[in-house]
Every structure is written in structure tokens, then in C-alpha cells.
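Next come the chains, spelled out residue by residue.
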Amino acid sequence: MADDSAEDPRSWDVATRLVRGGLMRSEIGETAEALYLTQSFVYDTAEAADARFAGQDPGFIYSRYGNPTVAMFENRLALLEGAEACRGTASGMAAVHLAVTGLLRAGDHVVAGKALFGSCRWILNNWAPRFGIEATFVDGPDLDAWRKAVRPNTKLFFLETPANPLLEMCDIAAISAIAREIGAKVVVDNVFATPIYQKPLQLGADIVVYSATKHIDGQGRVMGGAVLGSQALVDEAYRDFIRHTGPSMSPFNAWVLLKGLETLDLRVRRQSETAAALADRIAAHAKVKTVRYPGRTDHPQHELAKRQMTGGGSLIAFDLGTQAAAFRFLNRLQLVDISNNLGDAKTMATHPSTTTHRAMTEEQRLEIGLTAGWVRLSVGLEGVGDLGRDIDRALDAA
Ligand SMILES: *Cc1c(COP(=O)(O)O)cnc(C)c1O
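Residues numbered from 1 in each chain as written. Predicted model: local features only at pLDDT ≥ 70, side-chain atom pairs only at ≥ 80, totals over all residues. Heavy atoms only, no water.

A. Up close: the sheet that holds strand 8 (residues 290–292). What the five strands build is an open sheet, ordered 8-9-12-11-10; its pairing is mixed. The outermost strands of the open sheet, each flanked by one partner alone, are strand 8 and strand 10 (337–338). Helix-sheet contacts for helix 11 (residues 251–283) involve strand 8, strand 9 (315–319) and strand 12 (374–378), and the interaxial angle to strand 9 is about 10 degrees. (Pairing = 2+ DSSP bridges. Helix = DSSP H or I, 4+ residues; strand = E, 2+ residues; numbered from the N terminus. Contact = heavy atoms within 4.5 Å. Axes fitted to C-alpha atoms, helices over the stretch in contact; angles between N-to-C directions.)

Below you can see the structure in the form of C-alpha cells.
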């Protein structure tokens, strides 16, 4: 028999969390989440302002520190992730920069997987050294390489899995165990797996970061990012940093992303189902040398994918041998767009070595196996038949 006591939202199904989680209705009783486009907040009395600033009253002060629409987004995403705390940011890169530098100081050392989103690698390679932080890049799947890279001052492991663009995977649980032994923190960029298919915090990571620009919006509209972890760590490492440096999420973007979260589970599951079918179809084509898709048994780390992820995701990579063949493929596409974005409702194809990974040296690209024949496909929500025919025609032309 159902009782009428309020349920803890943490006991809700994922679908319910995504629609109802974090909802704060105003006294007006609006159906959709309210968009609080306001910079600051007012107080009934001078004493109330005093109490708010003293932290005795938890209300809002200024939208750089916190905003009700952004808070709804943060609470909904935290509920989905199973995290105690979440902070929204202006972009995914603001989230990565915050996540990494908030945990470090001059003299610290970072170990990172070498297959990373280009700008993440730039932060560690080009920016962090200015502040006396050094990074060592390792072959992500090689656990011994993580162990061997550790120095007495190693404070952080940073990894992306599956990694951009060739969908190489790192064992989050094993790498987190190594980090725990040496007292280092683990930050996982979980964009490719999405919060639907992979839960780094449950596998031992300390912090998860997202570009909400990708699947969380998923409809090509706004930029956003998020950092999630325990309340204690998020407060200690990030609260004052956000307050005083202002990488804050816009309330408007938070509102769009709240609506994105409502359909995230539906979209990611459909995109992943279509991606699995297309990966098989692409693999069967004579022009294709290699296909990488975490859900296929020929992925080099398929066993890890099965253990660590509950779905294959919406991204596929495949090798057509040469840049000329990859360009012929891209230029013959009619339905699928050529774009550097991913996670969108519209299917998009990218040539990583001349676009997203252009800033890397040839040598760095070769280190991660990225030769000029590789194409990355982000599968959207169109009909699988239409996509399959478009891709087949383009592969014939490759
Ligand atoms: C897009 C992306 C980012 C950066 O996010 P932005 O919202 O573009 O700033 C970081 N990591 C990964 C894996 C990404 O795909």
C-alpha cells in the first residue's frame, strides 16, 4: 500500500529525476521551471542582508554566486549523477579549468591520459605551467603508465573516457584506486559517455565534469558546463573560486539546459541505438579499414566498456585510410552535417586531424593513433534508414 509521505527524490527513477528533480516552484505556480533573469536580489531589511551575507540565511545574493534557475539545473544534474553537489559553469571548458585548477597549487603535478579534448590538453600543456603546475601525459589504457608517472608531488589524475576522437577507454575504478593509494584526486571528463551511461563517482572518481553544450542541451542552442562531486570537496575547492572569478552559468542557459535534461535519457538512448546500428553498417563497408564503437566486440577495450558503461554512446570513429578518402566521404554527405560539434539531435561528421585536433603536433596526433583517414561521427535523432543510406552513398564515394 502506498503511503503519502514525500519520497526522497534520490529514490526516483532516472526518468522522474530528469523531469521533476530540482524543481522550485514559485508562489505563482508555474508549470515549467521559472527563468530568473536577475543579476541580484533584494532584502526586506538591513538585518536580512546582514544575515544573508553572514551565511546564516541560505538565500541568493548575486547571480555570479548563485541563481535560482541555475540552482534548479545544478540540483537536477546532481540528482541524475548521484552527486551531493553540482556547480554550473558558462561552458564545458570553464568547468574543466575550474575542476582542475581548483584542486592544485604551484609545485603540484598532474598525470593525465594523453587522448583528451584539445582544449583540456591545452590547459594542462600550455596554461598550467605558467602557475608552476606540471603535467605528464600517459597512454590512458595502460595502468602501469599511470603508476610510473606518479611523483611525490602528484595531486591529480585527469582523464576522459571514452576519449575524443578515437573512443579509447580508461579504467576509472583501477585508476581511482591508484590515485587513492597516493592521496591524489581523480577528475573525469564524462562528456562522451554521458551521465546516462557512465557514473565515475560510483567507480571511485572524486569529480566529474561535463560540457552541457553536448548531449545535455543536445539541440544546438547554448553553451554550459558542470562540475560535480561531494559537497565538502565542491565547497572547499570551487565555491570561493566561482564566487570571485565568475565562470558562472547564465540563468537563460540554465533554463534551456533544464529543458534539455527532461529529454536527455530518451535522446541518448535513441542516439545510442542508432549509433550501434550504423557502426555495424559502416564496419561492413569495403572502404572502411577500422571502426571504433564501444558497443562493438571489436573495440580494443570492449570488456572494459561492458563493465564501466551501460550503453555504447552516440559517437563512432572510423578510418578511411587517407585524408583524401575522408574528405570525399564528408563532401558526399547530403543529410549529415560537417561540423565539429557532437551530442546534437542532428548527425554530424568531423575530420579531427584538420579541425578539432589541428592544434596538436603531428607527433602528438600519431601518439594517440589519429591519422588523417579518421572520421568521427556524432549520431543524432534522424531516422536510421535515412542516415544509413546517406552514409553508404558517401562511403561508396570515399
Ligand atoms: C566539448 C567538450 C569540452 C568543452 O566543452 P565546451 O562546452 O565546448 O566548452 C570538454 N571536454 C569534452 C570531452 C568535450 O567534448
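Continuing now.
B. Expanded view of the pairing of strand 2 (residues 109–113). Of all five residues that make up strand 2, five are buried, and the element is covered over most of its length. Residues of strand 2 alternate between two faces, with His 109, Val 111 and Gly 113 on one and Val 110 and Ala 112 on the opposite face, all of them buried. Note that strand 2 and strand 3 (residues 134–138) share five bridges and pair parallel. Each bridged residue has a counterpart across the sheet, and for Ala 112 the counterpart in strand 3 is Phe 137. Note that the unit made of strand 2, helix 5 (residues 118–127) and strand 3 has a crossover that is right-handed. Looking at chain direction, strand 2 and strand 4 (residues 154–160) are connected through four bridges and run parallel. (Buried < 20%, exposed > 50% of the residue type's maximum accessible area, 1.4 Å probe, protein only. Right-handed = clockwise from strand over helix to strand, strands pointing away.)

C. Spatial organisation of helix 10 (residues 231–245). When the terminal C-alpha atoms of helix 10 are compared, their 20 Å separation across 15 residues agrees well with the 21 Å that a helix rising 1.5 Å per residue should span. The sharpest bend along helix 10 measures roughly 45 degrees and falls at Tyr 238. Residues of helix 10 that are buried: Leu 233, Val 234, Ala 237, Tyr 238 and Ile 242. Check the buried side of helix 10 and you find it contacts strand 1 (85–89), helix 4 (92–101), strand 5 (185–189), strand 6 (207–211) and strand 7 (225–229). Within two residues after helix 10, Gly 246 carries a phi angle of roughly 75 degrees, on the positive side. (Expected span 1.5 Å × (residues − 1). Bend = angle between axes of the 7 residues up to and from the residue.)

D. Looking closely at unusual backbone geometry. Residue Pro 162 is reached from Thr 161 by a cis peptide bond, and omega for that bond is -10 degrees. Note the cis peptide between Asn 164 and Pro 165, where omega equals 0 degrees. You will see that Thr 194, though not glycine, has its phi angle at about 70 degrees, which is positive. The exposure class assigned to Thr 194 is buried, which follows from its relative accessible area of 3%.

E. Main features of the environment of His 299. Take His 299: it is sitting in the loop between strand 8 and helix 12 (302–308). The residues contacting His 299, other than those within four sequence positions of it, are Leu 167, Met 169, Arg 292, Tyr 293 and Pro 294.

F. Inspection of the environment of Arg 393 at higher detail. Within the secondary structure layout, Arg 393 lies in helix 15 (residues 384–397). Taking relative accessible area as the criterion, Arg 393 reaches 33% and is therefore assigned partly exposed. With 61 residues separating them in the primary sequence, Arg 393 and Arg 332 have C-alpha atoms 7.4 Å apart. Those residues within four positions of Arg 393 in sequence are excluded, and the remaining contacts are Arg 332 and Gln 334.

G. Up close: the domain arrangement of the protein chain. Once the domains are mapped, the protein chain shows domain 1 (9–36 + 67–262) and domain 2 (265–397). The straight-line distance from the C-alpha centre of domain 1 to that of domain 2 is 24 Å. Each partner contributes to the interface: domain 1 provides 36 residues, whereas domain 2 provides 37 residues. A combined buried area of about 3,100 Å² lies between domain 1 and domain 2, and 59% of that area is made up of carbon and sulfur atoms. (Domains from an automatic or database assignment. Buried area = accessible area lost by both parts, 1.4 Å probe.)

H. Inspection of the state of the cysteines at higher detail. Inspection of every chain in the model, using the stated rule, returns zero disulfides. The thiol sulfur of Cys 120 is not disulfide-bonded, and the nearest other cysteine sulfur, from Cys 170, lies at 13 Å. Residue Cys 120 is classed as buried on the basis of its relative accessible area, which comes to 1%. (Disulfide = S-S within 2.5 Å.)

I. Structural view of the pattern of salt bridges. Under the definition given, this model contains 21 salt bridges. The residue Arg 307 makes a salt bridge to Asp 171 at a minimum N-O spacing of 3.3 Å. In this pair, Arg 307 sits in helix 12 while Asp 171 sits in the loop between strand 4 and helix 7 (172–182), placing the two residues 136 residues apart along the sequence. A salt bridge links Arg 239 to Asp 240, with the nearest nitrogen and oxygen atoms 3.8 Å apart. Using a relative accessible area of 41% as the deciding quantity, one classes Arg 239 as partly exposed. Using a relative accessible area of 44% as the deciding quantity, one classes Asp 240 as partly exposed. (Salt bridge = Lys/Arg side-chain N within 4 Å of Asp/Glu carboxyl O.)

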